[in-house]
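Listed here are the chains, written in short residue letters.
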Amino acid sequence: MQSTASDTKKRLLSGVKPTGRPHVGNYFGAMKQFVDLQEKYETFVMIADLHALNFIQNKDEMKTLTHELVLDYLAIGLDPKKITLFKQSSVPAHTSLTWIFDTLVTVPFMMRAHAYKDAIAKDLEPSMGLFNYPVLMASDILLYDPEIVPVGKDQKQHIEYARDIALKFNNQYEELFKLPEELIVADVETVPGTDGQKMSKSYGNTVPLFGTDEEITKAVMSITTDSKGKDEEKNPDDMVLYQIHKLFNSSEELRSQYTKGLGYGDAKKMLIKDIIDFVTPMRERRKKYEDDPKLVEEILLQGAIKANDVAMKKLQAVYGAVGLTS
Ligand code: ADP
Ligand code: TRP
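Just so you know, these numbers come straight off a predicted model, no measurement behind them. (Residues numbered from 1 in each chain as written. Chains lettered and ligands numbered in written order. Predicted model: local features only at pLDDT ≥ 70, side-chain atom pairs only at ≥ 80, totals over all residues. Heavy atoms only, no water.)

1. Overview of the domain arrangement of the protein chain
Applied cut-off: Each domain's extent was defined by an automatic or database domain assignment. Contacts between residues were defined by any pair of non-hydrogen atoms, one from each residue, lying within 4.5 Å. The term buried area refers to how much accessible surface (probe radius 1.4 Å) is lost by two components on association, counted for both of them together. The term salt bridge refers to a pairing of a side-chain nitrogen on Lys or Arg with a carboxyl oxygen on Asp or Glu at a separation within 4 Å. Numbered from the N terminus, helices here are DSSP runs of H or I no shorter than four residues, and strands are runs of E no shorter than two.
Each domain of the protein chain was delimited in the assignment, giving domain 1 (5-188 + 292-322) and domain 2 (201-286). Each of domain 1 and domain 2 has a C-alpha centre, and the two are 31 Å apart. Each side of the interface is counted separately: domain 1 has 19 residues, and domain 2 has 14 residues. A combined buried area of about 1500 Å² lies between domain 1 and domain 2, and 63% of that area is made up of carbon and sulfur atoms. Considering only the side of domain 1, the residues that lose the most area to domain 2 are Arg21, Val24 and Ala75, jointly responsible for 36% of the buried surface there. Along the contact surface separating domain 1 from domain 2 lie three salt bridges. Counting residues per element, the ones that place at least two in the side of domain 1 that touches domain 2 are helix H2 (24-37) and helix H4 (59-75). Among the elements that take part in the side of domain 1 that touches domain 2, H4 stands out by supplying five residues, more than any other.

2. Quick look at the site of ligand 2
Test applied: Distances are taken per atom, and a residue is near a molecule or strand as soon as one of its heavy atoms is within 4 Å of it. Pairs of N or O atoms are called polar contacts if they sit within 3.5 Å, as long as, within protein, a hydrogen donor faces a hydrogen acceptor (for residues adjacent in sequence, only side-chain-to-side-chain pairs). Accessibility throughout is a Shrake-Rupley quantity obtained with a 1.4 Å probe, and a residue counts as covered only by protein chains that appear here. Cavity: a set of points on a 1 Å grid over the protein atoms alone where a 1.4 Å probe fits but cannot get out. Pocket: an open set with protein on both sides within 12 Å along at least five of seven lines, its lining residues, like those of a cavity, having an atom within 4 Å of a point. Molecules are considered to sit inside a cavity or pocket once more than half of their atoms lie within 2 Å of its grid points. Here the term charged refers only to Asp, Glu, Lys and Arg, the term nonpolar to Ala, Val, Leu, Ile, Met, Phe, Trp, Tyr, Cys and Pro, and the term polar to all other amino acids, Gly among them.
Around ligand 2 lies a shell of 14 residues, among which Lys17, Tyr133, Met137, Asp140 and Gln155 are the nearest. Contact between ligand 2 and Tyr133: a nitrogen atom at 2.7 Å from a side-chain N or O atom of the residue. One of the side-chain N or O atoms of Gln155 is found 3.0 Å from a nitrogen atom in ligand 2. Look at ligand 2: alone it shows 360 Å² of surface, and the protein chains cover 93% of it. If you map ligand 2 onto the pockets, it falls in the largest pocket. Of all the secondary-structure elements, those providing two or more residues to the shell around ligand 2 are strand S1 (11-16) and helix H9 (133-142). Here the shell around ligand 2 is built from residues that sort into eight nonpolar, four polar and two charged.

3. Remarks on the packing of H4 against helix H15 (residues 293-322)
We count it as follows: Lines fitted to C-alpha atoms define the axes, with helix axes restricted to the stretch in contact, and inter-axis angles between N-to-C directions lie between 0 and 180 degrees. Should an angle fall under 35 degrees it is called roughly parallel, over 145 degrees roughly antiparallel, and 65 to 115 degrees roughly perpendicular, with every other angle called oblique.
In contact at an axis separation of 11 Å, H4 and H15 are set at 85 degrees when each is read in the N-to-C sense. Overall, the two elements H4 and H15 adopt an arrangement that is roughly perpendicular. The segment H4 lies against H15, with His67, Val70, Leu71 and Leu74 engaging Val296, Ile299 and Leu300. When its residues are assigned to classes, the contact of H4 with H15 shows six nonpolar, one polar and no charged.

4. Some details on the side chain of Gln88
Inspection of the secondary structure assignment puts Gln88 in the loop between strand S3 (84-87) and helix H5 (93-102). Reaching out from Gln88, the side chain makes a polar contact with the backbone nitrogen of Leu50 at a distance of 2.9 Å. The residues touching Gln88, leaving out its near neighbours within four places in the chain, are Met46, Ile47, Ala48, Asp49, Leu50, His51, His94, Leu136 and Asp140.

5. Looking at the site of ligand 1
Near ligand 1 you find 19 residues, and of these His23, Asp154, Val191, Lys198 and Lys201 are the closest. At 2.7 Å, a side-chain N or O of His23 approaches an oxygen atom of ligand 1. At 3.0 Å, a side-chain N or O of Ser200 approaches an oxygen atom of ligand 1. A total of 530 Å² of accessible area belongs to ligand 1 in isolation, and the protein chains cover 94% of it. Applying the majority rule of atoms within 2 Å of the grid points places ligand 1 in the largest pocket.

6. Description of the environment of Gly29
Cut-off, in case you're wondering: Burial here depends on accessible area, computed with a 1.4 Å probe over protein chains only, as a share of the maximum for the residue type. Under 20% is buried, over 50% is exposed, and the range in between is partly exposed.
Structurally, the position occupied by Gly29 is in helix H2. Assessed through its relative accessible area of 5%, Gly29 is described here as buried. A sequence separation of 141 residues divides Gly29 from Asn170, and the C-alpha atoms of the two residues are 31 Å apart. Setting aside residues no more than four positions away along its own chain, Gly29 makes contact with Val151, Gly152 and Val188.

7. What about H9?
Note: α-helices contain 3.6 residues per turn, so residues at a spacing of three or four share the same orientation. Among the ten residues of H9, ten are classified as buried, and the element is accordingly described as predominantly covered. The set of residues buried in H9 consists of Tyr133, Pro134, Val135, Leu136, Met137, Ala138, Ser139, Asp140, Ile141 and Leu142.

8. Description of the packing of helix H12 (residues 240-248) against helix H14 (residues 264-290)
When two helices pack together, their arrangement is given by the angle between the helix axes and by the axis-to-axis distance. How we decide: By convention the crossing between two helices is left-handed if the near helix lies anticlockwise of the far one by an angle smaller than a right angle, and right-handed if it lies clockwise.
Taken N-terminus to C-terminus, the directions of H12 and H14 make an angle of 35 degrees; their axes are 9 Å apart at the nearest point. Judged by the twist between their axes, the crossing of H12 over H14 is left-handed. Each of Leu241, Ile244, His245 and Phe248 in H12 lies in contact with H14, whose residues at this interface are Tyr264, Ala267, Lys268, Met270, Leu271, Asp274, Ile275 and Phe278. Within the contact of H12 with H14, the residues separate by chemical class into nine nonpolar, one polar and two charged.

9. With respect to the packing of aromatic side chains
Spelled out, the test is: The rule is short: rings of Phe, Tyr and Trp, with Trp giving its six-membered ring, pair when the centres are within 6.5 Å, and they are stacked under 30 degrees, edge-to-face over 60, tilted in between. Only Lys NZ and Arg CZ are tested; either one counts as a charge over a ring when it is within 6 Å of the ring centre and within 35 degrees of the ring normal.
The full count for this structure, using the stated rule, is 15 aromatic pairs. Measuring from ring centre to ring centre gives 5.2 Å for Phe44 and Tyr144, while their planes differ by 45 degrees; the resulting arrangement is tilted. With Phe44 in strand S2 (residues 42-47) and Tyr144 in the loop between H9 and strand S4 (148-150), the pair connects residues that are 100 residues apart, well separated along the chain. Look at Phe44 and you get buried, because its relative accessible area is 0%. Ring geometry for Phe101 versus Phe169: centroids 6.3 Å apart, planes at 80 degrees, classification edge-to-face. With Phe101 in helix H5 and Phe169 in helix H10 (residues 156-172), this residue pair connects regions lying 68 residues apart in the sequence. Judged by its relative accessible area of 0%, Phe101 is buried. Each residue in the set Tyr27, Phe28, Phe248 and Phe278 is aromatic and connected to the rest through ring pairs, giving one cluster. Between Arg286 and the ring centre of Phe210, over which it is positioned, the NZ or CZ distance is 5.5 Å.

Shown next as structure tokens:
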């Protein structure tokens, strides 16, 4: 039989939750890698809607955010002819495998998860969904045997959980799972937000990727700066503004302008222009898909078929290995 590209290519899998508009941190930290690597790897990209249910508990909001994220993925340049784009909830094997893993992992092991510990530290009562989040994410990954999982640094622990869970299963039953590796790009592992903390939807410090010009301007104008005057020598790497700006313009020239004390007002104007120029072709692509909901539906349908095909085979092997089927 003739070998096809997907027989020889290594596999990549990742996903983002549809919990709000993607921001510059999501794009550079994770989503850009999916686009950059889609030729080299057989790429599976998920809309992690089951994970999002932990945060979005309103039908209309969930539908809108899910649709928006699909448009965002397509807008940044993921090519539906090359990759498999699918909704996590379209592939029931993710939750089925989660149950099998749930019977293997222990409660104390799960209590070490950052997200769970954070919730407890804030005196919140975490749902079972939040507690089980890393197990579902392990299933998302392990069903597809990916070689790499591109994510931002905050997801590192989740990939470690996936490896630990795979090992546990492989030791208890049989070697069914490949141990996945995270791909974290050092320069962009934690993109700072407008206030200098990690940029995050939950901190209200984001620069939206697909905001209007006004929204982008407002976000950039709110980026924190120190009180050093214009023309004073500065180290660009200490400046949140430059750390964000260099994502859009990594030239030595810009760096040297910052070093020489480029005024913050001027720098912000340049950054606004650089962001808008950067996203303009993406906005155009987004519009094309926005105007063609049937095409988007078809892309997700094809993605679901392909993902189910791969995931079901693995789930069947798991059912066999644990003795649920002969
Ligand atoms: P948020 O923290 O804004 O809710 P998500 O949890 O939805 O973001 O993250 C989606 C992807 O983007 C993950 O791979 C995550 O690691 C990455 N990511 C999120 N924020 C950043 C950031 N500030 N810098 C780098 N990567 C990030
Ligand atoms: N937990 C990831 C996030 O918050 C999203 C996600 C769900 C994911 N399943 C995944 C990422 C599988 C990589 C692989 O961003």
